[in-house]
Amino acid sequence: MKTIFEPFRIKSVEPIYVTTYPERVELLERAHFNPFLLKARDVIIDLLTDSGTGAMSSHQWAGIMMGDESYAGSESFYRFQSAVYNITGMPHIIPVHQGRAAENILFTLTGGTGKYVLSNTLFDTTRANIEYSGAEGIDLLCAEGKQMNSEAPFKGNIDIEKLRNFISEKGAAAIAMVIITITNNSGGGQPVSMANLKKVKSICNAHQIPFFIDACRFAENSYFIKLREPGYGEKTVLEIAQETFSIADGCTMSAKKDAFANIGGFLAMRDEKLAEQSRNLLIINEGFPTYGGLAGRDLEAIAIGLEEIVKEDYLQYRIRSIAYLGEKLDAENIPYLKPTGGHALYLDAKGFLPHISAEHYPGQALACALYLTGGIRSVEIGSVMFGKYDQQGKLIPHSNELVRLAFPRRMYTQSHMDYLAEVIVEVFKNREQIKGLEITYETQYLRHFTAKFRPIEKN
Ligand code: F0G
């Protein structure tokens, strides 16, 4: 059969409150034209993030009832440890309350002034933790990863030539580590090939530089390798994931993504000394090493989620449903970052709204239009999030103006996708009427979360 259906049945439902257009006009104004400031109940389809928002399975909910809440040595920890070990093969597994806590421990220990951390593209919290330690984070994404319309299969790859050059320029001793983000969230949810990971590893080996993986979306990356990389079509996703981790010296993981959990994460590694230091920091910041800031029930949910995430019928539905939306947009020539990613589709607001200049934030304007037209919540990834000011206070725009539609796992069905496509097409048809925005309030750091805006009179 041709039809790919959601490989689950719905047992428990969460009603959606359906707002009207006039209500949304008022709600958006009250939220100062920033979707982060909307109440979730006023959103019809919430695509703000795929992090911690997924639907748990009945098996996971049953596991939650089995959570062993002992302070030390709980059964749930051993089940969690065994599930993580099965995939990563890492001897030291340290639970944390979410991905950024793993980053904080790792870079507190390995970063520091004068050090560099090299990556394909660092996620914001990873970069923030690196910089907080005094080190500098450097993105070395391959050239095709920066091209909006390239259909290259592995646009998340690091540029090997640039990696070699950077190491020889600064000297291996200055490189704290190389950390590759799979899939590359900030670069469009694009995958990294096994060949690229192996090249990075051999360069790191030659210079004795540690090689880590930011593994939040390891299952989606493994499935892309199965579909796109020669020699992997016959392997299972679990085997590909195991091979991926076998290359690395360690990993950070947010279990809020590819572990179907609402909270949690881990830090895993091979180096015993680093693991001991990590556990010492863990005890100060997160908790005893067998719970690390999580309840026993959370560890159960992660353990079961890790078994479920590598199921290929799920991954087929997951990747296909986002590609399906992409095809609907292609039919109307609506610009987005090609090809569709593993967890999200990134609309190209610059191409969508060419009449709005970067100073008037086309991504934010598009995110607002999606909400007004259909109650869709998305997030701007452009000059609101990454823009800086020069000495004269003039905006230095970001290179791209994107709007991310990130899909919670197992939550929405095909008819939600059809509705979403209809909304985007409608917005596209009326795009000339969309007005740019100006900022009326902002904070010095991470301004996108709380900034306030108002529409400009005339574009
Ligand atoms: N690394 C990547 C690649 C991520 O996408 C995230 C989170 C983290 C690390 C941090 O993990 O949230 O558990 O502390 N990304 C979310 C997002 C927030 O919306 O993309 P965390």
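The rules behind each value
- Residues numbered from 1 in each chain as written.
- Predicted model: local features only at pLDDT ≥ 70, side-chain atom pairs only at ≥ 80, totals over all residues.
- Heavy atoms only, no water.
- Helix = DSSP H or I, 4+ residues; strand = E, 2+ residues; numbered from the N terminus.
- Rg over C-alpha atoms; globule rule 2.2 N^0.38 Å.
- Buried < 20%, exposed > 50% of the residue type's maximum accessible area, 1.4 Å probe, protein only.
- Contact = heavy atoms within 4.5 Å.
- Areas by Shrake-Rupley, 256 points an atom, 1.4 Å probe, with all protein chains shown as cover.
- Pairing = 2+ DSSP bridges.
- Axes fitted to C-alpha atoms, helices over the stretch in contact; angles between N-to-C directions.
- Near = heavy atom within 4 Å.
- Polar contact = N/O pair within 3.5 Å; in protein donor to acceptor, adjacent residues only side chain to side chain.
- Patch = residues over 30% accessible without salt bridge, like charges linked within 9 Å, V, L, I, M, F, W, Y side chains within 5 Å.
- Salt bridge = Lys/Arg side-chain N within 4 Å of Asp/Glu carboxyl O.
- Core = buried A, V, L, I, M, F, W, Y, C linked by side-chain atoms within 4.5 Å.
- Domains from an automatic or database assignment.
- Expected span 1.5 Å × (residues − 1).
- Buried area = accessible area lost by both parts, 1.4 Å probe.

Caption draft 1: Region of the structure containing the overall build of the chain. A count of helices and strands for the chain gives 16 helices and 16 strands. The C-alpha radius of gyration of the chain comes to 22 Å, within 12% of the 23 Å expected for a compact globule of 459 residues. In terms of overall dimensions, the chain has a C-alpha envelope of 60 × 55 × 45 Å along the principal axes. The 459 residues of the chain split such that 57% are buried. Taking the contacts inside the chain whose residues are at least 6 apart along the sequence as the reference set, 72% of them involve residues at least 24 apart. Total accessible area computed for the chain in this model is approximately 20000 Å², and 52% of it derives from carbon and sulfur atoms.

Caption draft 2: Representation of the sheet that holds strand E9 (residues 344-348) within the structure. Strand order in the open sheet made by the 3 strands is E9-E14-E11, with antiparallel pairing throughout. Each having just a single partner strand, E9 and strand E11 (379-381) make up the two edges of the open sheet. Across this sheet, the average inter-strand angle for adjacent strands is 35°, counted without regard to direction. Sheet analysis places E9 next to strand E14 (residues 402-406), joined by 5 bridges and oriented antiparallel. If you follow Tyr 346 over to E14, its bridge partner there is Arg 404. Lying on the sheet, helix H12 (residues 312-330) is in contact with E9 and E14; it crosses E9 at an angle near 25°.

Caption draft 3: Spotlight on the site of the ligand. Not every one of the 17 residues close to the ligand is listed here, only the nearest: Thr 49, Arg 100, Asp 214, Ser 254 and Lys 257. Between Gln 98 and the ligand, the recorded distance is 2.9 Å, taken from a side-chain N or O atom to an oxygen atom. In the environment of the ligand, an oxygen atom lies 2.9 Å from a nitrogen or oxygen atom belonging to the backbone of Gly 99. For the ligand, whose unbound accessible area comes to 470 Å², protein coverage reaches 93%.

Caption draft 4: Representation of a nonpolar patch on the surface in the model. On the surface, a cluster of nonpolar side chains totalling about 310 Å² of accessible area is made up of Tyr 71, Ile 283 and Phe 288. When you line up the elements, Phe 288 lands in the loop between helix H10 (272-285) and helix H11 (296-309).

Caption draft 5: Geometry of the pairing of E9. The element E9 is largely enclosed, with a buried count of 5 among its 5 residues. Side chains Ala 344, Tyr 346 and Asp 348 of E9 all project onto a buried face; the interleaved residues Leu 345 and Leu 347 project onto the opposite face, where all are buried too.

Caption draft 6: Representation of the nonpolar core. Leu 118, Val 178, Phe 211 and Phe 218 are the most contacted members of the largest nonpolar core, which totals 63 residues. Split by domain, this core shows at least three residues from each of two domains, domain 1 (21-50 + 312-455) and domain 2 (58-308). If near-sequence neighbours (up to four positions away) are discounted, Phe 211 is found in contact with Val 178, Ile 180, Leu 197, Val 200, Lys 201, Cys 204, Ile 247, Ala 248, Asp 249 and Gly 250. In terms of nonpolar packing, the next biggest core, distinct from the first, is built from 48 residues, Leu 366, Val 427, Phe 428 and Ala 451 among them.

Caption draft 7: Layout of helix H14 (residues 362-374). Across its 13 residues, H14 extends 18 Å between first and last C-alpha, which sits within 8% of the 18 Å expected from 1.5 Å per residue. The element H14 is largely enclosed, with a buried count of 11 among its 13 residues. Of all the residues in H14, the buried ones are Pro 362, Gly 363, Gln 364, Ala 365, Leu 366, Ala 367, Cys 368, Ala 369, Leu 370, Tyr 371 and Gly 374. At the C-terminal side of H14, Gly 375 shows a positive phi close to 70°.

Caption draft 8: Representation of the domain arrangement of the chain in the model. Domains assigned within the chain are domain 1 (21-50 + 312-455) and domain 2 (58-308). Relative to domain 2, the C-alpha centre of domain 1 lies at a distance of 27 Å. Taken together, the contacts link 24 residues of domain 1 with 28 residues of domain 2. Surface buried jointly by domain 1 and domain 2 totals about 2200 Å² across both partners, of which 55% is contributed by carbon and sulfur atoms. For the interface between domain 1 and domain 2, the tally reads 6 salt bridges. Along the contact surface separating domain 1 from domain 2 lie 16 residue pairs in polar contact (both at pLDDT 80 or more). At the level of secondary structure, the elements contributing two or more residues to the side of domain 1 that touches domain 2 comprise H12, E9, helix H15 (383-386) and E14. In terms of residue count, H12 provides more of the side of domain 1 that touches domain 2 than any other element does, 6 residues in total.

Caption draft 9: A look at helix H4 (residues 99-110). With 12 residues, H4 should reach 16 Å at 1.5 Å per residue; the first-to-last C-alpha distance of 17 Å fits that figure. Taken together, the buried positions of H4 are occupied by Gly 99, Ala 101, Ala 102, Glu 103, Ile 105, Leu 106, Phe 107 and Thr 110. Following H4 by one or two positions, Gly 112 has its phi on the positive side, about 120°.

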